Amino acid sequence: MPTYSNFTLYSYWRSSSSWRVRAKLASLGISYSYVGRHLVKGEQFDEKYSSEQNLLQQVPALTFEDEAGAVHTLTQSLAMLRFLESAYPSPGPELSPVDVAFDWQLSEVINSGIQPLQNFSTMSTLTKDSDGALDGRAFGTAAIVKGLAQLEALVAVCYAEAPAEEEGESDAFCLGKGAHPHPTNADFCLMPQLYNVARFNIDVGKDYPALARVKRSIEKHEWLVASAPDKQPDAVL
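Note that the coordinates shown come from a computational prediction; the quantities given were computed from them, not determined experimentally.

Scoring rules and cut-offs
- Residues numbered from 1 in each chain as written.
- Predicted model: local features only at pLDDT ≥ 70, side-chain atom pairs only at ≥ 80, totals over all residues.
- Heavy atoms only, no water.
- Core = buried A, V, L, I, M, F, W, Y, C linked by side-chain atoms within 4.5 Å.
- Buried < 20%, exposed > 50% of the residue type's maximum accessible area, 1.4 Å probe, protein only.
- Helix = DSSP H or I, 4+ residues; strand = E, 2+ residues; numbered from the N terminus.
- Contact = heavy atoms within 4.5 Å.
- UniProt positions renumbered as here; feature names shortened; annotations may be inferred.
- Expected span 1.5 Å × (residues − 1).
- Salt bridge = Lys/Arg side-chain N within 4 Å of Asp/Glu carboxyl O.

J.: Go over the nonpolar core with me, naming the residues and quoting the values.
T.: If you look at the biggest cluster of nonpolar residues, it comprises 39 residues, and the most contacted ones within it are Leu106, Leu148, Leu151, Leu190, Leu211 and Leu224. Elements supplying a minimum of two residues to this core: helix H1 (16-28), helix H3 (77-87), helix H4 (97-113), helix H6 (136-158), helix H7 (185-197), helix H9 (209-218) and helix H10 (222-226). For this core, the element with the most residues is H7, which contributes 7 residues. What Leu151 contacts, discounting residues up to four positions off in sequence, is Leu106, Val109, Ile110, Ile114, Leu190 and Leu211. Listed in part, the 12 residues of the second largest apolar core include Phe7, Val21, Ile30 and Phe83.

J.: Just give me the short version of the UniProt feature "domain: GST N-terminal" (unreviewed entry) in the chain, but keep the residues and values in it.
T.: Per the UniProt record, the feature "domain: GST N-terminal" (unreviewed entry) sits at residues 5-92. Each end of residues 5-92 is marked by a C-alpha atom, and these two atoms are 23 Å apart; helix forms 34% of the span and strand 23%.

J.: Describe in detail H7, supporting the description with residues and values.
T.: Here H7 contains 13 residues, and its C-alpha end-to-end distance of 19 Å stays within 8% of the 18 Å for a straight helix at 1.5 Å per residue. In terms of burial, H7 is a largely internal element, 12 of the 13 residues being buried. The complete set of buried residues in H7 reads Asn185, Ala186, Asp187, Phe188, Cys189, Leu190, Met191, Pro192, Gln193, Leu194, Asn196 and Val197.

J.: Help me get a handle on the pattern of salt bridges, residues and values and all.
T.: One pass over the structure, following the stated rule, counts 4 salt bridges. Notably, a salt bridge pairs Glu85 with Lys24, separated by 3.0 Å at the nearest N-O pair. Of the two residues, Glu85 sits in helix H3 while Lys24 sits in helix H1, which places them 61 residues apart along the sequence. With relative accessibility at 22%, the residue Glu85 sits in the partly exposed group. Of the charged contacts, one joins Glu52 and Lys48 as a salt bridge, the two residues approaching to 2.9 Å between their closest N and O atoms. With a gap of 4 residues between them, Glu52 and Lys48 both fall in helix H2 (residues 47-52), about one helical turn apart.

Rendered as structure tokens:
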């Protein structure tokens, strides 16, 4: 299997897409250099960054070298997760093809069906370009509610036959209690999304019990803790 080295992650501490990749890197024990791109200050528009790392002027961007010394750059978080998953052995038992597909399905519900629709730039553009006729925040909130409802239904299936949660029970993640002993890509996508949900006054514990159950496990897991926004070098608290 080819080997890769000299990883550099261009990230913003509060970026949910960046958090996914940080969690994946943590799960694989991969060391990397961290370069902060302050989105509020517009550092993603820097000419060198936007021409060499990310033409879309977004984060994250991941650069690395292959065995021949060639430098590669990836710019979409799920592409990064997929590359890292194929290039490095994941901890824990191998997932079945069905579980792999389900893991990516959950990830895509978040990546395509929620996150870009409630992104600050999307909401503000809707409000601005409509001269206030459209409420961008209401649009984002509706997208979150719709997406979380789908996730709740999908994840709840994994817990349909699981016993009621008891204090001290083993951790349970998106693929179901006991299906996999560690968080997977879906968990890496879910935790950042639920972190953002707090800004929209959505009660996850009340309205999405299956997701709340998963959240209680992943928010304390070492990979998510180490990759959390407040642990990043560019964090402003």
